[in-house]
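# Coordinate analysis (summary)
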2 protein chains.
Amino acid sequence: MTQRPPLPPDLFDELCPSSLLPFRFGDKWASMVVRCLEDGPRRYSELRVPLGRVTPKALTQSLRGLERNGFVSRTVYADPKLRVEYALTPLGRSTLEPLAAACRWATEHWDELLDAREGGISSIG
Amino acid sequence: MTQRPPLPPDLFDELCPSSLLPFRFGDKWASMVVRCLEDGPRRYSELRVPLGRVTPKALTQSLRGLERNGFVSRTVYADPKLRVEYALTPLGRSTLEPLAAACRWATEHWDELLDAREGGISSIG
DNA sequence: GGTCTTGGTATCCAGATGGTGACCAACCTT
DNA sequence: AAGGTTGGTCACCATCTGGATACCAAGACC
């Protein structure tokens, strides 16, 4: 079904800017989910791969939130066997631009961010 | 001391996009504080005005967080009488751009946001 | 018939977030 | 001397967030 390459398991490794980013989108996992859906619909089990430490509960919760707010659509196929696909709606897709702006900002100011915070990497407050 | 006009008390009224914005910066008040400092340093008591419902504890908390992460500087003057001024650092100032991008996005997609979320205005998920 | 995969749900719990209300010392004004 | 302003702090409490763990039903596979 999916001809696109699978999501790389290390997509959000420790060095990912989002770990230090003072900007947040939705709940903890929302921005990562959106980025995973960037180039097409993905299945629940596909999403679990790059999000390594996410628990099913947390992922479901995040997806439901995104769905409730119209950023993501959920489609169930029972064709040959059960398949659930999550995809960005046009509204969801429109968030990619400001999300990218935040990411650009983070990578540009990465060193300053690390220098500025007293006591090394802690919380994001 | 401050020749600039004072902050308008209605700066963040109910209709302010930030109430529906799925993007967040720091804690609840951080993005509003940053916007208040946009055109120059402000005193603690000045900041309390547009932030209507903020309690001193919450404001202090937010400012300390912004300070800890290098976005805001805190300067105490004891000249004639006590005065504490908060100002954006260059790093803090650099967040204005992505913050504005998020605001532009919100105003552009305002109607879609309202339509998309089921059950009217609730939480931000 | 037993097991695997898929797509979840139920329950519990710790810690973070955020609000309320009281209080406070230093300084200024009246 | 009394009261207001400034810039906070402290204790308490409710809620939200997010993680751990266990479990589960439907279909495919062996």
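Residues numbered from 1 in each chain as written. Chains lettered and ligands numbered in written order. Predicted model: local features only at pLDDT ≥ 70, side-chain atom pairs only at ≥ 80, totals over all residues. Heavy atoms only, no water.

Counting secondary structure elements, chain A contains six helices and four strands. When the helices and strands of chain A are placed in sequence order, the string is β-α-β-α-α-β-β-α-α-α. Taken over 125 residues, chain A has a buried fraction of 44%. Restricting the contact set of chain A to residue pairs at least 6 apart, pairs at least 24 apart contribute 60%. Within the structure as shown, chain A displays about 6,900 Å² of accessible surface, and the carbon and sulfur contribution to it stands at 54%. (Helix = DSSP H or I, 4+ residues; strand = E, 2+ residues; numbered from the N terminus. Buried < 20%, exposed > 50% of the residue type's maximum accessible area, 1.4 Å probe, protein only. Contact = heavy atoms within 4.5 Å. Areas by Shrake-Rupley, 256 points an atom, 1.4 Å probe, with all protein chains shown as cover.)

Around DNA strand D, a shell composed of 20 residues is seen, among which Lys28 and Lys57 of chain A together with Ser45, Arg74 and Tyr86 of chain B lie nearest. Taking all atoms of DNA strand D within 4 Å of the protein, the share assigned to sugar and phosphate is 70%. Here a phosphate oxygen of DNA strand D and a side-chain polar atom of Arg74 of chain B are 2.4 Å apart. Take Tyr86 of chain B: an N or O atom from its side chain is 2.7 Å from a phosphate oxygen of DNA strand D. Taken together, the elements giving at least two residues each to the surface near DNA strand D come down to α2 (44–48), α3 (56–68) and β4 (83–88) of chain B. (Near = heavy atom within 4 Å. Polar contact = N/O pair within 3.5 Å; in protein donor to acceptor, adjacent residues only side chain to side chain.)

Before going further, it helps to examine the pattern of salt bridges. Think of it this way: side chains of opposite charge can pair up when their charged atoms draw near. Under the definition given, this model contains eight salt bridges over all chains. Here Glu46 of chain B and Arg42 of chain B are joined by a salt bridge, their closest N and O atoms 3.0 Å apart. (Salt bridge = Lys/Arg side-chain N within 4 Å of Asp/Glu carboxyl O.)

Next up on the list: the relation of the copies chain B and chain A. In the superposition of chain B on chain A (RMSD 0.1 Å, axial shift 0.1 Å), the rotation amounts to 180°. The relationship between the two copies is best expressed as a two-fold rotation axis. Residues of chain B ranked by C-alpha distance from the rotation axis are headed by Arg24 of chain B, positioned 2.3 Å from it. With an isologous cut-off of 70% or more, the 93% of interface residues of chain B that recur at the interface of chain A puts this contact in the isologous class. (Least-squares fit on C-alpha atoms with pLDDT ≥ 70 in both.)

Near DNA strand C lie 20 residues; those nearest to it are Ser45, Arg74 and Tyr86 of chain A together with Lys28 and Lys57 of chain B. Each atom of DNA strand C within 4 Å of the protein was classed as base or backbone; sugar and phosphate made up 65%. Between DNA strand C and the protein, one listed contact pairs a phosphate oxygen with a backbone N or O atom of Val84 of chain A at 3.0 Å. Within the residue set of the surface near DNA strand C, elements represented by two or more residues are α2 (44–48), α3 (56–68) and β4 (83–88) of chain A. In terms of residue count, the dominant contributor to the surface near DNA strand C is α3 of chain A (four residues). Along the lines of polarity and charge, the residues of the surface near DNA strand C split into seven nonpolar, three polar and 10 charged. (Nonpolar A, V, L, I, M, F, W, Y, C, P; charged D, E, K, R; others polar.)

This brings us to helix α5 (residues 96–108) of chain A. Given 3.6 residues per turn, any residue in an α-helix points the same way as the ones three and four places further on. Taking 1.5 Å of rise per residue, the 13 residues of α5 of chain A would be expected to cover 18 Å, and the 18 Å separating its terminal C-alpha atoms lies within 8% of that figure. Along α5 of chain A, the positions that sit buried rather than exposed are Leu96, Pro98, Leu99, Ala101, Ala102, Trp105 and Ala106 of chain A. (Expected span 1.5 Å × (residues − 1).)

Attention now moves to the side chain of Glu85 of chain A. Here Glu85 of chain A shows up in strand β4. Dropping the residues within four chain positions of it, Glu85 of chain A is found in contact with Pro41, Arg42, Arg43, Ser73, Arg74, Thr75 and Tyr77 of chain A.

Next up on the list: the side chain of Thr95 of chain B. Examined against the element boundaries, Thr95 of chain B turns out to sit in the loop between α4 (90–94) and α5 (96–108). Given the relative accessible area of 0%, Thr95 of chain B is considered buried. From its side chain, Thr95 of chain B meets the backbone oxygen of Gly92 of chain B in a polar contact 2.6 Å long. Beyond its immediate chain neighbours, meaning those up to four positions away, Thr95 of chain B contacts Phe23 and Trp105 of chain A together with Phe25, Val34 and Phe71 of chain B.

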